[in-house]
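# Architecture at a glance
Read off the chains here:
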Amino acid sequence: MTSDGGYSVDDLFDSENVPPEQHFSQKDNIVPMNEDFLHFDLQAEIREAEAQKPWPSGRRSKLLVKKDDLRVILFTMEAGAALEEHHANGSITVQVWSGQIRFRAQGEEKVLQAGQILALSRSIPHSVQAIDDSSFLLTIAWPGA
């Protein structure tokens, strides 16, 4: 939890810091990948996630890349599932691979669909809700980390 009472995206992976309805379940299959040269078939990753439904929280995440200055996380969400307001300590991009999501930040709302990408500066509170069954790739970058 941050000093303002909110949550950072890192907190979402630590169930001790976040109320049970906010954190990711054990089935979220977070697997850090620290190698120097990585390759992923995102469609296969999404199919694998879909095969593991139902998810207790209506969502699943998989950490694909974990570096000092970079995180890449694949989220799959059932229609109606949400990530309540939180923030990331680095700049982010959200790239939708399937379905539609509602992204809220700074009093604005954007509906993103497959093939669209959004960028957001660091530390800006935001929330995400799946309009349809959806998948998106979250990238977090920390300059000079």
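Keep in mind that this is a model prediction, so the values were computed, not measured.

### As for the sheet that holds strand 6 (residues 108-113)
- Strand order in the open sheet made by the four strands is 3-8-5-6, with antiparallel pairing throughout. Looking at which strands have only one partner, the edges of the open sheet turn out to be strand 3 (82-86) and strand 6. In this sheet, neighbouring strand axes are inclined to one another by 15° on average, regardless of whether the strands run parallel or antiparallel.
- As paired elements, strand 5 (residues 100-105) and strand 6 share six bridges and run antiparallel to each other. Among the inter-strand pairings, Gln100 is bridged to a residue of strand 6, identified as Gln113.

### Focus: the sheet that holds strand 1 (residues 59-67)
- Sheet architecture is open: five strands sit in the order 1-2-9-4-7, paired in antiparallel fashion. Pairing within the sheet leaves two strands with one partner each, and these edge strands are strand 1 and strand 7 (117-120). Put simply, the sheet's adjacent strands are angled 15° from each other on average, direction ignored.
- For strand 1 and strand 2 (residues 70-77), the ladder comprises eight bridges, and the chain directions are antiparallel. If you follow Lys66 over to strand 2, its bridge partner there is Arg71.
- Where helix 1 (residues 42-51) meets the sheet, it contacts strand 1, strand 2, strand 4 (91-98) and strand 9 (134-141), and its direction lies at approximately 140° from that of strand 1.

### What about the pattern of salt bridges?
- Taken as a whole, this structure holds eight salt bridges when the rule is applied.
- With its nearest N and O atoms 2.9 Å apart, the salt bridge here joins Glu50 to Lys53.
- One network of salt bridges, with partners in common, ties together Glu50, Lys53 and Asp133.

### Overview of the environment of Leu63
- With respect to the element layout, Leu63 can be found in strand 1.
- Taking relative accessible area as the criterion, Leu63 reaches 9% and is therefore assigned buried.
- For Leu63 and Phe75, which are 12 residues apart along the polypeptide, the C-alpha to C-alpha distance reads 8.8 Å.

Conventions we followed
- Residues numbered from 1 in each chain as written.
- Predicted model: local features only at pLDDT ≥ 70, side-chain atom pairs only at ≥ 80, totals over all residues.
- Heavy atoms only, no water.
- Pairing = 2+ DSSP bridges.
- Helix = DSSP H or I, 4+ residues; strand = E, 2+ residues; numbered from the N terminus.
- Axes fitted to C-alpha atoms, helices over the stretch in contact; angles between N-to-C directions.
- Contact = heavy atoms within 4.5 Å.
- Salt bridge = Lys/Arg side-chain N within 4 Å of Asp/Glu carboxyl O.
- Buried < 20%, exposed > 50% of the residue type's maximum accessible area, 1.4 Å probe, protein only.

The analysis is restricted to geometry; functional conclusions fall outside its scope.
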